[in-house]
Amino acid sequence: MTALLHTSGLTKRFAKDDVATVALRDFTLSIEEGSFVAVLGRSGCGKSTLLNLLAGLTEPSEGEVRYKDRPLSGPDTEIGYLTQSDTLMPWRGVQRNVEMPLEIRGVPSAERRRVAAGLIERVGLAGFEHHYPRELSGGMRRRASLARMLAADPATLLMDEPFGALDAQLRRELQEELLRLWAEGGQTVVFVTHDIEEALLLGDRVVVLGPIGTILLDRAVELPRPRSADALRVDPAFVALHTELAAALREGAR
Amino acid sequence: MSTTDDLLTPAGRQEGPVRVALPRTWWQRHGSTTTVWSLRLALLVLLLGFWQLAADRWIDITFISKPSDIAERLGEWAADGTLWLHTWITVQEIVYGFALGAVTGALAGFVLASLSLVYRVLDPFVMALYSIPKVALAPLFIVWFGIEMHMKVLLAAATVFFLVFLNTAAGVRDVDRGLVDAVRLMGGNRWHIARKVVLPASMTGVLTGLKVAIPYALIGAVIGELVASNRGLGYLINDAAAQFDTAGVFATLVVLSVIAAVLNVVVGLLGKRVNRWKPIDE
């Protein structure tokens, strides 16, 4: 396995008037191809900043991001990014939102419709193709966003607390769907969360971030797959990991 | 649990909202609209009746005329063609002025607001020009363009331009960064962002501008006619007032209101088409 995404000395400052806020400092991390990395951290530790940098949306103040051994200079269509907030176009129905990445790529409309219909079916939104985002519930919008990201068929998925705002049941379903997808497609996933259980349920490897992106713990998770949330909870290995991660998070807070 | 017969969603999908056909009677569908319209009509009849009654009984007819005289005057003018001639002139001025102002305003707003630095530089100048009462421009426009139709068209356009420009620019500048980033992530270039995000997102602003500007197109055209002209509804008002023909003045005002109402309906229809994605009414 080779490093697909690699950051070295990554620093991001946001300047406001004469003061710069440092969101991330000297952050170095390598992500292997095909791995599922959960990035765990409390809010405000630079997780979203990190993903924006990995996605090529913002430029680092210092350091660089390398994707496939090339410096990343802007958004790359091979990298899909599911942001924390919904960015569906409110004037487009579900189907036309899902078609959008293909539209920009110049895929013919018949093909677009076919791909979109398949994805909409897959995320369980069949029957709502022509609903506008405002007519959908938060969970349904999330599914539509997921479908839109998958329409571009990205090899790398960046996800920023994608299921944070959903109810527990729905979160569980979408987590399982994501794992199924990953198992089939072999994508590389960077999944940001503040939920220890979610990190352990999904990740091969958990990176715990402290303030301004200091790595508190970087640990492989060797729990057997497929993992079920209910079975995990009583697994001694899981409990041990959970304790370890919780301690690391507490450590960072001090 | 309801039976699956009345569910419009495909069978087996139980999560998320379920859509159910809602049988409604004619009155439930149209009841409130009917009530509102009947009340509007009743109010109009009441006002006209009171006016008719008050005229010459309590208030001198020279000042307020009366509905029956006004109707009579409209009938006369319609018969001898005066009405159509002048209305047609004014309508042309409004439409050309509105179209000219709206197109240039929307284009300028779209382009300038996308160029952040240019917009910042120009902003105070635009605001200064916008704040000039357009009536004050009329004498200058007469010098520049004469007293023919061009002058009224341009005066109407000048008013419309600023309203559409400012609203469009506000719409463009308010575009959600998240949506722009979403398109960048899909590999979209500047052109994609402009066409697929900024343009639809700014439509609300453009439409607000158009809606607000409509009465001003009318005002611009009529003021131009009032200042200097020999045709058009503004001229008709001037002419009637000069002869103390109050009925004539009111008759012209009626025509102007009808024109304004028709224009509002047109923009309303446009707004419905573009803003379908706004939250639906209960």
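Each residue is numbered by its place in its chain's sequence as written, counting from 1. Chain labels run from A onward and ligand labels from 1 onward, assigned in the order the entries are written. Thresholds applied to this predicted model are a pLDDT of at least 70 for local features of residues and 80 or more for the giving and counting of side-chain atom pairs; totals over whole chains, interfaces and linings are not thresholded and use all residues. Side-chain calculation: all heavy atoms of the structure are included, whereas hydrogens and water are not.

So, on to the UniProt feature "transmembrane region" (unreviewed entry) in chain B. All names here are of chain B. UniProt positions are given in the numbering used here, feature names are shortened, and annotations may be inferred rather than shown by experiment. Per the UniProt record, the feature "transmembrane region" (unreviewed entry) sits at residues 37-54, 94-118, 125-147, 153-176, 197-227 and 247-270. Labels follow the DSSP assignment, with helices taken as runs of H or I lasting at least four residues and strands as runs of E lasting at least two, numbered in each case from the N terminus. End C-alpha atoms of residues 94-118 are separated by 31 Å, and the span's content is 96% helix alongside 0% strand. Counting secondary structure, residues 197-227 comes out at 100% helix and 0% strand; the distance between its end C-alpha atoms is 44 Å.

Another aspect to go through is the environment of L241(A). The topology assignment puts L241(A) in helix α8 (residues 236-253). Ignoring any residue separated from it by four or fewer positions in sequence, one finds L241(A) in contact with L200(A), R219(A), V221(A) and L223(A). Throughout, a residue-residue contact means that at least one pair of heavy atoms, one from each residue, lies within 4.5 Å.

In this section: the nonpolar core. All names here are of chain A. Nine residue types can take part in a nonpolar core, namely buried Ala, Val, Leu, Ile, Met, Phe, Trp, Tyr and Cys, and a core is a set of them joined through side-chain atoms within 4.5 Å. Each residue is assigned to one of three classes by its accessible area relative to the maximum for its type, calculated with a 1.4 Å probe on protein chains only: buried under 20%, partly exposed between the two thresholds, exposed over 50%. Ranked by internal contacts, the top residues of the largest apolar core, which has 34 residues, are F36, V98, L146, M159 and F191. Elements with a minimum of two residues in this core: α2 (94-105), α3 (109-122), α4 (138-151), β7 (156-160), α5 (168-185) and β8 (188-193). Sort the elements by how many residues they give to this core and α4 lands first, with seven residues. Reported domain spans reflect what an automatic or database domain assignment gives. Both domains that meet at this core, namely domain 1 (32-61 + 73-78 + 155-254) and domain 2 (89-153), each give it at least three residues. Contact partners of M159, with chain neighbours within four places excluded, come to L51, L82, L146, M149, L178, V189, V190, F191 and V192.

If you look at the interface, chain A gives 30 residues, while chain B gives 26 residues. Note on definitions: buried area is the accessible-area loss of two parts on being combined, 1.4 Å probe, summed for both. In total, chain A and chain B occlude about 2,500 Å² of area from one another, counting both sides; carbon and sulfur atoms represent 69% of this. Together, L57(A), W91(A) and I104(A) form the three largest contributors to the area buried by chain A at its contact with chain B, with a combined 27%. In the sections that follow, a salt bridge refers to a side-chain nitrogen of Lys or Arg positioned within 4 Å of a carboxyl oxygen of Asp or Glu. Residues K196(B) and E103(A) are paired through a salt bridge, measuring 2.6 Å at the closest nitrogen-oxygen approach. In the analysis that follows, any N or O atom pair within 3.5 Å is treated as a polar contact, provided that within protein one partner can donate a hydrogen and the other can accept it, and provided that, for residues neighboring in sequence, both atoms belong to side chains. Our enumeration of links across chain A and chain B arrives at two residue pairs in polar contact (both at pLDDT 80 or more). Looking at the side of chain A that touches chain B, the elements with two or more residues in it are β6 (79-82), α2 and α4 of chain A. With four residues, the top contributor of residues to the side of chain A that touches chain B is α2(A). In the side of chain A that touches chain B, the residues fall into 16 nonpolar, six polar and eight charged. Residue polarity is assigned by list, with Asp, Glu, Lys and Arg as charged and Ala, Val, Leu, Ile, Met, Phe, Trp, Tyr, Cys and Pro as nonpolar; anything else, Gly included, falls into the polar class.

Turning to α8(A), a few remarks are in order. Residue and element names in this part refer to chain A. Its 18 residues place the ends of α8 26 Å apart at the C-alpha level, agreeing with the 26 Å of an ideal helix rising 1.5 Å per residue. Taken as a whole, α8 has its buried residues at F238, L241, L245, A246, A248, L249 and G252. Along the axis of α8, the buried positions cluster into a sector of 160°, meaning they face one direction only. Residues of α8 that are exposed and point over 90 degrees away from its buried face: P236 and R250. Among the structural elements, β3 (36-41), α6 (196-202), β9 (205-209), β10 (215-220) and α7 (229-232) are those in contact with the buried residues of α8. At the N-terminal end of α8, a side-chain oxygen is found 2.9 Å from the backbone nitrogen of A237, two or three residues along, and the residue is D235. Working rule for helices: expected span equals 1.5 Å times residues minus one. Each C-beta atom gives one direction from the helix axis, and the arc is the one those directions make.

Attention now moves to the sheet that holds strand β5 (residues 70-71) of chain A. All names here are of chain A. Read from one edge to the other, the open sheet built from four strands follows the order β2-β1-β4-β5, with strand pairing classed as antiparallel. What marks the edges here is a single partner per strand, and that holds for β2 (19-32) and β5. Any two strands with at least two DSSP bridges between them are considered paired. Bridging between strand β1 (residues 3-16) and strand β4 (residues 62-67) involves five bridges; their strand directions are antiparallel. Looking at the pairing, L5 lines up with Y67 of β4. A fitted line through C-alpha atoms serves as each axis, taken over the contacting stretch for helices, and the angle formed by two N-to-C directions is quoted from 0 to 180°. Sitting on the sheet, helix α1 (residues 47-54) is in contact with β1, β2 and β4, with an inclination near 120° to β1.

All right, on to the pattern of salt bridges then. All names here are of chain A. This structure, assessed with the given rule, holds 24 salt bridges over all chains. Note that R92 is salt-bridged to E103, the shortest N-O span being 2.9 Å. Here E103 lies in helix α2 and R92 lies in the loop between β6 and α2, a separation of 11 residues in the sequence. According to the relative accessible area criterion, R92 is buried, its value standing at 4%. The buried category is assigned to E103, whose relative accessible area is 15%. Between R112 and E99 there is a salt bridge, with the nearest N and O atoms lying 3.4 Å from each other. Of this pair, R112 sits in helix α3 while E99 sits in helix α2, placing them 13 residues apart in sequence. As far as the burial class goes, R112 and E99 line up, both buried. Taken together, the salt bridges that share partners define one network made up of R122, E177, R180 and E184.

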